[in-house]
Structure formats: C-alpha cells, structure tokens
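One-letter residues, chain by chain:
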Amino acid sequence: MSETQSSATLHFLCGKIASGKSTLAQQLVRGQQAVLLSEDTWLAALYPGQITQLADYIEKSRLLKSALELHLVTLLQKGITLVLDFPANTPEQRQWLKGLAEQAGCSYCCHVLNVSDEECKRRLAARNLSGENPFATSAEQFDLITAHFSYPSEEEGLVISGR
C-alpha cells in the first residue's frame, strides 16, 4: 500500500453467514470514533422484498456499491474511520473494499472470522428465530452462499486481523 494521506481507517469483515461479522462491526465502532455502514440494512431499506435468491443479492449489492463508492472514499479522505459491514468473502469483494482505502489514501484492516459451518448454522437458526437480521437465510441458502466463500490468500496482499 502506498503512503497514507488520511488519518482514517477502513475496517471490513470476512466471515461466513452468522460467523459474527455484525457483532464484531458493532464492537469496532464502540472501540473507536467510527461510522458503521451495514449492507444488509441498506439493501433491506432500498429493495424490500426484492432479494429472494443469490442472483438478486449480487445485482442489488453491485448497485449499492456503485452508488456508495465515491461517498465512502470521500468520507475516508475527510478522516472519518469507517466500519463496513459488507461481506469480504470473495477475492472480488475484498479487492473492492481494499480499493476504497487505496483511493482514499488511508489504512485498512480486513477482520477475518474463522467459524465452522456447524456453528454458523446454529447461530443462523437462532438469528432467524429472533428476527434481528432483515434477511432470513435457510440452511440450504447458507450452503449455496458458502460454496462461494473463501478466506483471504497471501497473494491478495491484505492487512488482516484474525479472530
């Protein structure tokens, strides 16, 4: 990464569904002067009832990222630390997030949560019952989405914090 120009830090999260990304995001915000942006919150507000399958999510997520990118870079350039509760679960997603920090000239950290599928499914079932997340995800959908999941590789050159 080139020399940083902004005092801000961009935090983003890699972990399977129900691995604790949103919980960690809340902890990061409480621990610093940071602003939290949650992809699930934005998608639920902008596209109510329109995300019913993986293809819907991919399309709407792409639109949201396109709309927010310049704004996020500007906030980072202004010295505002951001915690993006957007999944960093594929190399492409991680590259987009890292690219925000690079455009802004700020530091970043990819927080990686390594939780087993079994534990994630247990948490997911409890989360679905609680209604705390705007999207209920079935065990079958978990398996479908997790098939696309990957942990960061050394080749990605990321600054990583593991939990």
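Residues numbered from 1 in each chain as written. Predicted model: local features only at pLDDT ≥ 70, side-chain atom pairs only at ≥ 80, totals over all residues. Heavy atoms only, no water.

As recorded by an unreviewed UniProt entry, the protein carries the name Cell division protein ZipA and is attributed to Morganella morganii subsp. morganii KT.

Caption draft 1: Structural detail: the overall build of the protein. For the protein, the count of helices and strands is six helices and five strands. N-terminal to C-terminal, the α/β element order of the protein is β-α-β-α-α-β-α-β-α-α-β. Against the globule reference of 15 Å for 163 residues, the protein gives a C-alpha radius of gyration of 15 Å, in line with a compact fold. In terms of its C-alpha atoms, the protein occupies a principal-axis envelope of roughly 45 × 30 × 30 Å. Buried residues in the protein amount to 46% of all 163 residues. In the protein, the 14 positive side-chain charges and the 18 negative ones have mean positions that sit 5 Å from each other. (Helix = DSSP H or I, 4+ residues; strand = E, 2+ residues; numbered from the N terminus. Rg over C-alpha atoms; globule rule 2.2 N^0.38 Å. Buried < 20%, exposed > 50% of the residue type's maximum accessible area, 1.4 Å probe, protein only. Lys, Arg positive; Asp, Glu negative; His and termini not counted. Charge placed at Lys NZ, Arg CZ, Asp CG, Glu CD.)

Caption draft 2: Layout of the layout of surface pockets. Taken as a whole, the largest pocket encloses approximately 1,400 Å³ of empty space. Taken together, 46 residues make up the lining of the largest pocket; nearest its centre are I17, E39, D40, Y57 and P87. Among the elements that take part in the lining of the largest pocket, helix α3 (residues 54-77) stands out by supplying six residues, more than any other. When its residues are assigned to classes, the lining of the largest pocket shows 17 nonpolar, 18 polar and 11 charged. (1 Å grid on protein atoms, 1.4 Å probe; cavity = no way out; pocket = protein on both sides within 12 Å on 5 of 7 lines; lining within 4 Å. Points joined across faces, edges and corners; volume = space filled by probe spheres on them. Nonpolar A, V, L, I, M, F, W, Y, C, P; charged D, E, K, R; others polar.)

Caption draft 3: The pairing of strand β3 (residues 81-87), seen in detail. The element β3 is largely enclosed, with a buried count of seven among its seven residues. Covered by surrounding structure in β3 are T81, V83, D85 and P87 together with L82, L84 and F86, the residues of both alternating faces. With four bridges connecting them, strand β1 (residues 9-14) and β3 associate as parallel partners. Note on β3: the bridge partner recorded for L13 is P87. As paired elements, strand β2 (residues 34-38) and β3 share five bridges and run parallel to each other. Counted as the bridge partner of S38 is D85 from β3. (Pairing = 2+ DSSP bridges.)

Caption draft 4: Summary view of the packing of aromatic side chains. Overall, the coordinates contain three aromatic pairs when judged by the stated rule. Sitting above the plane of the W96 ring, K65 keeps its charged end 5.4 Å from the centroid. (Phe/Tyr/Trp six-rings, centres within 6.5 Å; stacked < 30°, edge-to-face > 60°. Lys NZ or Arg CZ within 6 Å of the ring centre and 35° of its normal.)

Caption draft 5: Here's a closer look at unusual backbone geometry. Even without a glycine there, the phi angle at A18 is positive, about 70°. Assignment of secondary structure puts A18 in the loop between β1 and α1 (21-31).

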